[in-house]
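The primary structure of each chain is shown beneath.
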Amino acid sequence: MTTQTPTRPRAAVASGITVKDRVIAVFPLLVLIVLVLLVLTQQPNFLSIASVRGLLESMAPILLLAIGQTFVILTGGIDLSFAVVSSLSTVLLALWLPDMGVGALILVPILACLTGVLTGTVVAFAQIPSFIVSLGAMGLWTGVALTLSSASTIRISAGYDVIGWVTDMRIGGLPVSALIAILLAIIISVAIRVLSRGRALHTMGLAENALLMSGNPTRAYRILAFALCGLFSGLAGVVLASSQYSGGPSLGDTLMLPAIAAVVIGGNAITGGVGGPLKTLVGALIIVVLRVGLNAIGIDPAYEQIIYGAVIIGAVVLTIDRSRLGIVK
Amino acid sequence: MSQSGPQVADSPATGTPSRASSPTPPDPTAPSGFARVRGLIGGGGPAVALVVLIAFFSIATPNFFSVSNASSLLSQLSILLVISIGLTFVILLGSLDLSVEGVMASSSLVFVLLAANDRNDLSLGFVALIAGVLTGSLFGLLNGVLHVYLKVPSFMVTLGTGAIGVGLATVLFGGRAPRLMDDGLRGLGFGNVGIFPKLALIAILVLIVALLVQKFTRVGRYGYAIGGDEPVVRLSGVNVERYKVLSFVLAGTGSGIAGVMAAMQLGVGDVSIGAGFQFTAITAVVLGGTALVGGIGGVGKTLVGAAIITVLANGLILLGVNPYVQISVQGLVIVVAVVATGWSLRKRVRAIK
């Protein structure tokens, strides 16, 4: 019986699919296509290689952050510290690259992963809502990043070659950073389908108690989700440091809202259990096309924040599964 | 659950510091004056910590215990206190408001742009002040309605509305900070009366009103009960939705007042006028003894929490400690405080999001 558990929720979900679920499943893709068509009417050369390259370059760090966040949101939690961890990663890279070279490139994502392990461990063992723990973590790592960098941007000159390829390298004219991020999204999606425990995080979001009762290490799963989030935040930090030629204590902070918006607008339910990295990929594409599109139709970039806020609330309102919420706090 | 909501609601002022650490129930007989104060600000931990901190910094630094530093302490405390007081009403529900910085930005700009300023020809005087505060209330109303009626977790709603607030402020800001030219309005919040900063007088006024609201109005009393055990309150026929929305309106109003106060103090409206306050305010509320799970705490306790944060920030700077370390410490404080209050409530089989 125990070995069957991961497949059971899938069956339960399959039988319970409603029209609304189907609409939500294809809606983000439709939004993306409509957005692209709209932008094309304003900018006929929008799908030229140069334009797409710029689009993908700006998408890479957002997508990496958003994929990381997807793991946590699948379990029904949220990690508010992820953007700050990416900022901290850029600072650590800037400090360590000159001396350590490749070592820094390996060490920084590992440390970022460990920040996730820490957050996940506190959430899992103290049984505290993840948004509070990660809010605290956000303050902790902001302070660390500010202290290490003396609150200033550190330019990376010596040792830049180690991360320079992330920005400079092109495959078929497209930036390698975005291609790697997209490839990761695809690999993870395949892993979720193929691996016997691939849907463990989905099940965490849908029926954690059932998972626990059937003998699964739910604490380990939860910590794993946060660890992956930390790891991807670290990778986003590498991309950011590479594209900005520097490390800064708040370099990645502004990506927090677009990244969360990408996750929820892609159709990942904030209540957990529904979604995956491919949905997040669609969400990230929507966010960057939206940004370019607003520019194209002449809307002031000042309105960007308002749109992120509205998108987050709107997407959550649409995708949230109210039947599984008791008291909403 | 050892304590149900209504019991907590009956004795907010006499105070139950924490479910875990107070095995003896509060004395039901009429408390003495001292006990009354103790109940209000929360006896024990936080108050003692505040006194110890003040004593420590007075000895450790020559400049801490002086009239001029007391005045600057009060001034630093004022805006934080007003935000934290508003936030207390929401945290008592077990919810959270993450829109503080965005709301402050919007309300400061609405206030400055409607008062005499160097951007446009408007000069609405007190109407501008009220409009600035009401901007905050409206954001609170939006938060409450979205959270309560669309059943979206409050931190998610307020993350979104906070971004909307920053966006709105960015649009109003238009590239250059508008200056407040109405000397009458500026004078309300800038400068001192004797050694008392005017901002502190406003904060005291807000504190008194908040204490009255907490003790004598339904939104104040039901807040405890809803945070303690919402289903029971609902079953007893209380319109839970209404009082939850009202609590969010109170929090938004607090941020609105804080935005206007900051604009008076600095003489400009600014997008980043609330930067850093969100985090500090949550820490202040939690440090004071209001539990993030809801149902326990109060405005008086928040005063102590905000005072601890302010004394700590001021004293550590006088000692020459790197101010950025304080942000880290605040982050740790939030987590440790929540872990400590929640540790005994852990269950072996429990799904926590």
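Residues numbered from 1 in each chain as written. Chains lettered and ligands numbered in written order. Predicted model: local features only at pLDDT ≥ 70, side-chain atom pairs only at ≥ 80, totals over all residues. Heavy atoms only, no water.

S.K.: Explanation requested: the overall build of chain B in the structure shown.
M.R.: Secondary structure summary: chain B contains 14 helices and two strands in total. The burial tally for chain B puts 54% of its 353 residues in the buried class. (Helix = DSSP H or I, 4+ residues; strand = E, 2+ residues; numbered from the N terminus. Buried < 20%, exposed > 50% of the residue type's maximum accessible area, 1.4 Å probe, protein only.)

S.K.: Help me understand the overall build of chain A in this model?
M.R.: Check the secondary structure of chain A and you find 13 helices and four strands. Looking at chain A as a whole, 56% of its 329 residues qualify as buried. In the form shown here, chain A has an accessible surface area of approximately 13,000 Å², with 69% of it arising from carbon and sulfur atoms. (Areas by Shrake-Rupley, 256 points an atom, 1.4 Å probe, with all protein chains shown as cover.)

S.K.: In this structure, what is going on with the environment of Glu 101 of chain B? I would like to understand it.
M.R.: Residue and element names in this part refer to chain B. Topologically, Glu 101 is positioned in helix H5 (residues 100–114). Distance in space between the C-alpha atoms of Glu 101 and Gly 256 is 9.9 Å, their sequence separation being 155 residues. In this structure Glu 101 touches Gly 274, Ala 275, Gly 276, Phe 277 and Gln 278, once residues within four positions along its chain are discounted. Here Gly 276 takes part through its backbone nitrogen, which lies 3.0 Å from a polar atom of the side chain of Glu 101. (Contact = heavy atoms within 4.5 Å. Polar contact = N/O pair within 3.5 Å; in protein donor to acceptor, adjacent residues only side chain to side chain.)

S.K.: Teacher, can you tell me more about H5 of chain B here?
M.R.: An α-helical segment advances 3.6 residues per turn. Residues three or four places apart therefore align on the same side. Taking 1.5 Å of rise per residue, 15 residues should cover 21 Å, and H5 of chain B covers 21 Å from first to last C-alpha, within 8% of that figure. In terms of burial, H5 of chain B is largely enclosed, as 13 of its 15 residues are buried. (Expected span 1.5 Å × (residues − 1).)

S.K.: Which parts of the structure should I look at to understand the environment of Gly 252 of chain A?
M.R.: Residue and element names in this part refer to chain A. As for its placement among the helices and strands, Gly 252 is situated in the loop between strand E4 (246–247) and helix H11 (256–265). As for Gly 252 and Val 85, which are separated by 167 residues in sequence, their C-alpha atoms are 8.2 Å apart. Leaving out residues up to four positions away in the same chain, Gly 252 has contacts with Ala 83, Ser 86, Ser 87 and Leu 240.

S.K.: Looking at this structure, how should I read a nonpolar patch on the surface?
M.R.: Residues and elements named next belong to chain B. Together, Val 67, Val 193, Ile 195, Phe 196, Leu 201, Ile 204, Ile 208, Leu 212 and Phe 216 make up an exposed nonpolar region whose accessible area comes to about 830 Å². Sorting elements by how many residues they give to the nonpolar patch places helix H9 (residues 198–216) first, with five residues. Along the polypeptide, Ile 195 turns up in the loop between strand E1 (192–193) and strand E2 (196–197). Look at Ile 195 and you get partly exposed, because its relative accessible area is 46%. (Patch = residues over 30% accessible without salt bridge, like charges linked within 9 Å, V, L, I, M, F, W, Y side chains within 5 Å. Salt bridge = Lys/Arg side-chain N within 4 Å of Asp/Glu carboxyl O.)

S.K.: In this structure, what is going on with the interface of chain A and chain B? I would like to understand it.
M.R.: Often, the extent of an interface is quoted as the loss of accessible area upon association of its parts. Between chain A and chain B, the contact holds 56 residues from the first and 53 residues from the second. Overall, the association of chain A and chain B removes approximately 4,300 Å² of surface from exposure, summing both partners, and the carbon and sulfur fraction of that is 74%. Seen at the junction of chain A and chain B, the total is two residue pairs in polar contact (both at pLDDT 80 or more). Taken together, the residues that form the side of chain A that touches chain B break down as 37 nonpolar, 15 polar and four charged. (Buried area = accessible area lost by both parts, 1.4 Å probe. Nonpolar A, V, L, I, M, F, W, Y, C, P; charged D, E, K, R; others polar.)

S.K.: Would you mind showing me how to read the packing of H9 of chain B against helix H10 (residues 218–235) of chain B here?
M.R.: Residue and element names in this part refer to chain B. Close contact between H9 and H10 brings their axes to 4 Å; oriented N to C, the two are set at 65°. In terms of crossing hand, the pair formed by H9 and H10 is right-handed. Along its contact with H9, which presents Val 213, Gln 214, Lys 215 and Phe 216, the element H10 presents Arg 218, Val 219, Gly 220, Arg 221 and Tyr 224. Class assignment of the residues belonging to the contact of H9 with H10 gives a composition of four nonpolar, two polar and three charged. (Axes fitted to C-alpha atoms, helices over the stretch in contact; angles between N-to-C directions. Left-handed = near helix turned anticlockwise from the far one by under 90°.)

S.K.: Can you walk me through the nonpolar core in this structure?
M.R.: Grouped together as the largest cluster of nonpolar side chains are 174 residues, with contacts concentrated most on Ile 78, Leu 80 and Ile 260 of chain A together with Ile 79, Met 104, Phe 111 and Met 156 of chain B. Looking at this core, the element that brings in the most residues is helix H3 (residues 49–74) of chain A, giving 15 residues. If we ignore the near neighbours within four places in the chain, the residues touching Ile 260 of chain A are Gln 69, Ile 78, Leu 80, Phe 82 and Ile 312 of chain A together with Met 156 and Leu 159 of chain B. Listed in part, the ten residues of the second largest apolar core include Phe 64, Val 304, Ile 308 and Leu 316 of chain B. (Core = buried A, V, L, I, M, F, W, Y, C linked by side-chain atoms within 4.5 Å.)

S.K.: In this structure, what is going on with the side chain of Thr 158 of chain B? I would like to understand it.
M.R.: Residues and elements named next belong to chain B. Relative to the helices and strands, Thr 158 is located in helix H7 (residues 154–173). According to the relative accessible area criterion, Thr 158 is buried, its value standing at 0%. A polar contact is formed between the side chain of Thr 158 and the backbone oxygen of Phe 155, at a distance of 3.2 Å. The residues contacting Thr 158, other than those within four sequence positions of it, are Leu 96, Asp 97, Leu 98, Ser 99, Asn 143 and Phe 248.

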